[in-house]
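These are the residues of each chain, in order.
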Amino acid sequence: MKAIVYTKYGPPEVLQLKEVAKPIPKDDEVLIKVQAVSVNRSDWEGLRGKPLYARIGGLLKPRRQILGSDVAGRVEMAGRNVRRFQPGDEVFGDILPRLGGFAEYVRARESALALKPASMTFEEAAAIPQAAVIALQGIRDKGRVQPGQKVLVNGAGGGAGTFAVQLAKLYGAEVTGVDNTGKLNFMRSLGADHVIDYTREDFTRDGKQYDLIFDVVAHRSIFAYKRALRSNGSYFLAGGSVATILQILLLGAWIRTTTGKEIRILAVQPNTEDVDYMKELIEAGKVTLVIDKTYPLSEVPEAIGYVGEGDARGKVVITV
Ligand SMILES: NC(=O)c1ccc[n+]([C@@H]2O[C@H](COP(=O)([O-])OP(=O)(O)OC[C@H]3O[C@@H](n4cnc5c(N)ncnc54)[C@H](OP(=O)(O)O)[C@@H]3O)[C@@H](O)[C@H]2O)c1
């Protein structure tokens, strides 16, 4: 089969379209003929090996040679312990940390997959799992957003942020979106009440405070986030620099005890219930799925570069 392969960390140029062996599913896995796979910042991070956590299991060279987590396709073959799916079923899901989606076929655990609704295209289905579940767990489960609360989403114009802004609005919050100059109108179109251009303003230094800050691109000191939180406010980091993650691990509990402000890391638990919940919100028109661009498999390097350089508004999808 054809796949986009890399053997060393680096820029998109290290990715190559190659012929590789078709995977063989284990007893609890299915083999999927991939129809679409979306690009996440986690692919960009895994490609470059930065931040350092992207090298877990592969310090000097990548542990998995094919990236791609959010797959949608048809079941081609089912392992003997698979109960929920059979050949021909249309499925989708997030297969992080195993990866392998930038290929014509991928094997995946049955437990990572949900049935694709007939009303959605493969491209639409592939755009949902990782980004939508990060946002849902940050805004609903950990953030427990209530009507009238002030919520700030940092990185609001990207994959997870696009869902996070809409979810916070859905739960009745007053939402501030932070992203680059080119995404200000886009964030407004998602429903953000206020927008901040991070290239001109630092939201931790303008005197405003929030009940919840949800951050997909954290790189500041923990004290900056503390300053921007109301008393009893919460901050959750979904993605960001290792320095910020370490500070939160070291000092988060102390800040909680001394100020009542909660500053934590969101460890996302991928699951199909959350994917189904988001799928229903999208089908009901309560959340809009935003696909910026689609690319063919051979152009995965361009697609990952587009997401990594921060140009994408919402999601980028590969049609296989
Ligand atoms: N916690 C977990 O368990 C877990 C699980 C899976 C994934 N993740 C992580 O979750 C994150 C999800 O990111 P995503 O896919 O939503 O990324 P994305 O689509 O690339 O969106 C990130 C957005 O942030 C913007 N941005 C960059 N620097 C910024 C800054 N300083 N201030 C404000 N905005 C900034 C980017 O635009 P520009 O770059 O153009 O400015 C982009 O619009 C990734 O880091 C991924 O590794 C976490």
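Anything mentioned here points back to the structure above.
### Side note on the overall build of the protein
Then, number 1: Within the protein, the regular secondary structure consists of nine helices and 15 strands.
Then, number 2: Its C-alpha atoms give the protein a radius of gyration of 19 Å, within 12% of the compact-globule value 20 Å for 320 residues.
Then, number 3: Each of the three principal axes of the protein carries a C-alpha extent, and together these read 55 × 45 × 35 Å.
Then, number 4: In the protein, which comprises 320 residues, the share counted as buried stands at 55%.

### So, the packing of aromatic side chains
Then, number 1: Summed over all chains, the structure comprises three aromatic pairs.
Then, number 2: Measuring from ring centre to ring centre gives 6.4 Å for Y6 and Y9, while their planes differ by 70°; the resulting arrangement is edge-to-face. Accessibility classification places Y6 together with Y9 in one group, the buried group.
Then, number 3: The ring of F122 carries K116 above its face, with NZ or CZ at 4.7 Å from the centroid.
Then, number 4: We note R140 situated over the ring of Y277; from NZ or CZ to the ring centre the distance is 4.6 Å.

### A look at the nonpolar core
Then, number 1: Of all hydrophobic cores here, the largest spans 49 residues; its most connected members are I139, F163, L167, F214 and M278.
Then, number 2: Broken down by element, this core gets its largest block of residues, seven residues, from helix α3 (residues 129-142).
Then, number 3: Every residue in contact with I139, bar those within four places of it in the chain, is listed here: R144, V145, V151, A164, L167, A168, Y171, L212 and F214.
Then, number 4: In terms of nonpolar packing, the next biggest core, distinct from the first, is built from 41 residues, V30, I66, A103 and Y306 among them.

### Quick look at the site of the ligand
Then, number 1: In the neighbourhood of the ligand, 29 residues make up the surrounding shell, with R41, E45, N180, K183 and Y198 lying closest.
Then, number 2: Separating an oxygen atom of the ligand from a side-chain N or O atom of R41 is a distance of 2.6 Å.
Then, number 3: Within the backbone of G159, one N or O atom sits 2.7 Å away from an oxygen atom of the ligand.
Then, number 4: Coverage of the ligand by the protein amounts to 88% of the 940 Å² it exposes when considered alone.
Then, number 5: Put simply, the parts of the chain that give the shell around the ligand at least two residues each are α1 (41-48), α3, α4 (159-170) and β9 (174-179).
Then, number 6: Looking at which element gives the most residues to the shell around the ligand, the answer is α1, with three residues.

### Focus: the pattern of salt bridges
Then, number 1: In this structure the tally under the stated criterion is 20 salt bridges.
Then, number 2: In this structure, E29 engages R98 in a salt bridge whose closest nitrogen and oxygen atoms are separated by 2.3 Å. Placement of the pair is E29 in strand β3 (residues 29-39) and R98 in the loop between β5 (90-94) and β6 (105-109), with a sequence separation of 69 residues.
Then, number 3: Using a relative accessible area of 0% as the deciding quantity, one classes E29 as buried.

### What about the pairing of β3?
Then, number 1: Most of β3 is tucked away, with 10 of its 11 residues classed as buried.
Then, number 2: For β3 and β6, the ladder comprises five bridges, and the chain directions are antiparallel. Bridge pairing in β6 places L31 opposite R107.
Then, number 3: Here β3 runs beside strand β4 (residues 70-78); their pairing, made up of eight bridges, is antiparallel.

Rules behind the numbers
- Residues numbered from 1 in each chain as written.
- Predicted model: local features only at pLDDT ≥ 70, side-chain atom pairs only at ≥ 80, totals over all residues.
- Heavy atoms only, no water.
- Helix = DSSP H or I, 4+ residues; strand = E, 2+ residues; numbered from the N terminus.
- Rg over C-alpha atoms; globule rule 2.2 N^0.38 Å.
- Buried < 20%, exposed > 50% of the residue type's maximum accessible area, 1.4 Å probe, protein only.
- Phe/Tyr/Trp six-rings, centres within 6.5 Å; stacked < 30°, edge-to-face > 60°.
- Lys NZ or Arg CZ within 6 Å of the ring centre and 35° of its normal.
- Core = buried A, V, L, I, M, F, W, Y, C linked by side-chain atoms within 4.5 Å.
- Contact = heavy atoms within 4.5 Å.
- Near = heavy atom within 4 Å.
- Polar contact = N/O pair within 3.5 Å; in protein donor to acceptor, adjacent residues only side chain to side chain.
- Areas by Shrake-Rupley, 256 points an atom, 1.4 Å probe, with all protein chains shown as cover.
- Salt bridge = Lys/Arg side-chain N within 4 Å of Asp/Glu carboxyl O.
- Pairing = 2+ DSSP bridges.

Keep in mind these numbers describe shape, not what the thing actually does.
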